[in-house]
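Observations on chain architecture
Chain by chain, the residues:
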Amino acid sequence: MADQGFDRPTVLIVGGGFGGLRAARALAEAPVHVVLVDRQNHHLFQPLLYQVASATLSPADIAAPIRHILREQDNAEVVLGEVVSVDLYARRVLLADGRGLSYDFLILAAGSRSSYFGRDAWASLAPGLKTLEDALEIRRRFLLSFEQAEQEEDPDLRREWLTFVVVGGGPTGVELAGTLKEMARLTLPREFRRIRTDRARVILVEAGPAILANLGSGLSEKAVESLERIGVEVRLGQPITGIDERAVQLGGERIPTRTVLWAAGVSAVPLGAGLGVPVDRLGRVIVEPDLSLPGHPEVFAVGDLAAFTHGTGGPLPGVAPVAIQQGEWAAANLLATLAGQPRRPFRYRDKGSMATLGRGRAVARVGGLSFTGYPAWLAWLFIHLMLLVDFRSRVFVFFEWLWAYLTTQPRARLIVGRRASTAPPGSPLH
């Protein structure tokens, strides 16, 4: 962008997620020209993406156009495009459509993608949950399964349609499993005539010994108890060994199912691996204490693309608070460089973790305090409302939650997307 007549240094930000957007806003009053590039035109609030997948919220409730968010920031512009490579020495990025953008400073906040641990063939059979398109596909499969079960005469095939397997015991998998079970148990029973939706099986599979392991054993056990209380089957220490269109394989056990949902792991987008700098096993760039790339102090990596291990005992988790704090910190270090001042090493402030387990149920760890049940659920609601970047979204989400809580009838139960019509009885939808 330097050849377009801008005298100020150009700060190119790749990614409009939590880290990239927070960095852009932190530079609002700075003497720089901010260019934010994203392949989507919207900022997505990923912590609530599972509620779109489970038909609780609509896509517009948790997403807002990036141009709208930055409309009052005069030193910022937005470019719709996908960055496919970075020339660190020429200080230029290449977009998928062939365009090139130059920069003086670069903040990489391109995020992550679902990881199938080398079994990429599973992706079409078990969709992950990283984008709005993913959420709508999961919602489509979930709702169509009940439609298919309603038409099915064979009881064994009907059970297949009414069995849902969620792979991964982190926050996304736990929250998705709990919400799907409550949808089947509380929302759908009166809408179908030939099936008992409340008898639908939701099975949460975790390869490790505990779900929500980052919360500690006490809260992890409470989470299992809460999920089992509403009917979710929790399988611990049982990795998935196979997936096909009719079943999943857990070691020697085969579970017939037509719907498998993946929340088991993520890896960095391929952009990091192509930089020619050290990366970890998940493709995350190993950054310096100030969040810059080794040998390239003008380039920062934040959020899910960065592996920050300085004084932490291991890489920081891929959660929104980490990305937000790193985005702000990278912007501050960039401004310190412009002012001729020393940079500060990044310090993460862990404000706690929480996960919702269904209606009125949650577990939370904030500081040294752990709490569960209704208080944790209310805290979860409040914090997530406040983290939404758009005031309109806060209002709409609040009233959608209030309506769903009072009536158990969320209004987003629409089947949309490809192949939205039901298939003939017995045929796979995948």
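Cut-offs applied
- Residues numbered from 1 in each chain as written.
- Predicted model: local features only at pLDDT ≥ 70, side-chain atom pairs only at ≥ 80, totals over all residues.
- Heavy atoms only, no water.
- Phe/Tyr/Trp six-rings, centres within 6.5 Å; stacked < 30°, edge-to-face > 60°.
- Helix = DSSP H or I, 4+ residues; strand = E, 2+ residues; numbered from the N terminus.
- Buried < 20%, exposed > 50% of the residue type's maximum accessible area, 1.4 Å probe, protein only.
- Lys NZ or Arg CZ within 6 Å of the ring centre and 35° of its normal.
- Contact = heavy atoms within 4.5 Å.
- Core = buried A, V, L, I, M, F, W, Y, C linked by side-chain atoms within 4.5 Å.
- Pairing = 2+ DSSP bridges.
- Salt bridge = Lys/Arg side-chain N within 4 Å of Asp/Glu carboxyl O.
- Patch = residues over 30% accessible without salt bridge, like charges linked within 9 Å, V, L, I, M, F, W, Y side chains within 5 Å.
- Areas by Shrake-Rupley, 256 points an atom, 1.4 Å probe, with all protein chains shown as cover.
- Axes fitted to C-alpha atoms, helices over the stretch in contact; angles between N-to-C directions.
- Expected span 1.5 Å × (residues − 1).
- pLDDT = per-residue confidence, 0-100.
- Left-handed = near helix turned anticlockwise from the far one by under 90°.

Observations regarding the packing of aromatic side chains
Taken as a whole, this structure holds 14 aromatic pairs when the rule is applied. Aromatic pair Phe-142 and Phe-146: ring centres 5.1 Å apart, planes at 85 degrees, arrangement edge-to-face. Separated by 4 residues within a single helix, Phe-142 and Phe-146 lie in helix α4 (residues 132–151), roughly one turn from each other. This pair shows no difference in class: Phe-142 is buried, exactly as Phe-146 is. Taken together through their ring pairs, the aromatic side chains of Tyr-116, Phe-117, Trp-122 and Trp-262 make up a single cluster. The side chain of Arg-258 reaches across the aromatic face of Trp-161, ending 4.4 Å from its centre.

So, the side chain of Ser-226
Relative to the elements of secondary structure, Ser-226 occurs in helix α7 (residues 217–229). Assessed through its relative accessible area of 13%, Ser-226 is described here as buried. Discounting residues that sit within four places of it in the chain, Ser-226 has contacts with Leu-357 and Arg-361.

A few points about the nonpolar core
One finds Leu-48, Ile-62 and Phe-146 to be the most contacted residues of the largest nonpolar core, which totals 64 residues. Look past the residues within four positions of Phe-146 in its chain and what remains in contact with it is Leu-162, Phe-164, Ala-184, Leu-188, Phe-192, Ile-195, Thr-197 and Ala-200. By size, the runner-up hydrophobic cluster in this structure holds 56 residues, among which are Val-302, Ala-306, Phe-308 and Leu-316.

Regarding the pairing of strand β25 (residues 369–372)
In regular strands, side chains alternate between the two faces of the sheet. Taken together, the 4 bridges between strand β24 (residues 361–366) and β25 define a ladder with antiparallel strand orientation. Bridging across to β25, Val-363 finds its partner in Thr-372.

Structural notes on unusual backbone geometry
Positive phi outside glycine occurs at Phe-117, with the angle close to 55 degrees. Checked against the element boundaries, Phe-117 lands in the loop between β10 (112–114) and α4. Phi angles above zero are rare outside glycine, and Thr-408 is one such case at about 55 degrees. Locating Thr-408 in the fold gives a position in the segment after α10 (391–407).

Digging into the pattern of salt bridges
For the structure on display, the rule yields 21 salt bridges. Between Arg-71 and Glu-72 there is a salt bridge; the shortest N-O distance is 4.0 Å. The shortest N-O distance in the salt bridge between Arg-99 and Asp-97 comes to 2.7 Å. You can call Asp-97 exposed: its relative accessible area is 51%.

Quick notes on a nonpolar patch on the surface
Together, Phe-382, Ile-383, Met-386 and Leu-387 line one region of the surface with nonpolar side chains, adding up to about 360 Å² of accessible area. Inspection of the secondary structure assignment puts Phe-382 in helix α9 (residues 373–387).

Overview of the sheet that holds strand β8 (residues 100–102)
Strands sit in the order β6-β7-β8 across an open sheet of 3 strands; the sheet is antiparallel. Each edge of the open sheet carries a strand with a single partner, namely β6 (83–87) and β8. Recorded for the sheet is a direction-independent mean angle of 20 degrees between the axes of neighbouring strands. Where strand β7 (residues 92–95) and β8 come together, 3 bridges link them in antiparallel fashion. Among the inter-strand pairings, Leu-94 is bridged to a residue of β8, identified as Gly-100.

So, helix α8 (residues 320–338)
An α-helix turns once per 3.6 residues; consequently, residues spaced three or four apart project the same way. Compared with the 27 Å implied by 1.5 Å per residue over 19 residues, the 27 Å span of α8 between its first and last C-alpha is a close match. At the C-terminal side of α8, Gly-340 shows a positive phi close to 75 degrees.

Side note on the environment of Ala-306
Turning to its location among the elements, Ala-306 is positioned in strand β22 (residues 306–307). Among the residues examined, Ala-306 registers a relative accessible area of 7% and is labelled buried. In sequence terms Ala-306 and Gly-283 are 23 residues apart; their C-alpha atoms lie 8.8 Å from each other.

Some points on the sheet that holds β24
Hydrogen bonding along the main chain pairs the strands of a sheet, whether they run parallel or antiparallel. Pairing is antiparallel in the open sheet, where 3 strands are placed in the order β23-β24-β25. This sheet does not close on itself; its edge strands, each paired only once, are β23 (353–358) and β25. Sheet twist, expressed as the mean angle between neighbouring strand axes with direction ignored, is 5 degrees. Where β23 meets β24, 5 bridges bridge the pair, whose relative direction is antiparallel. Counterpart to Met-354 in the pairing with β24 is Ala-364. Packing of α7 onto the sheet brings it into contact with β23, β24 and β25, and relative to β24 it is tilted by some 170 degrees.

Some words on the confidence of the model for the protein
In low-pLDDT segments, the atomic positions of the prediction should not be examined closely. Of all residues in the protein, 96% attain a pLDDT of 70 or more, and the chain-wide mean is 92. This stretch, residues 420–430, has a pLDDT under 50; its non-local contacts, to residues over four places away or in other chains, come to 38 contacts.

Topic: the packing of helix α1 (residues 18–26) against α8
Two measures define how a pair of helices packs: the angle their axes make with one another and the distance between the axes. Relative to each other, α1 and α8 sit at 35 degrees, their axes nearing to 7 Å. The hand of the α1/α8 crossing is right-handed. Residue-level inspection shows Phe-18, Gly-19, Arg-22, Ala-23 and Ala-26 of α1 in contact with α8, the latter providing Ala-320, Ala-323, Ile-324, Gly-327, Glu-328, Ala-331 and Leu-335.

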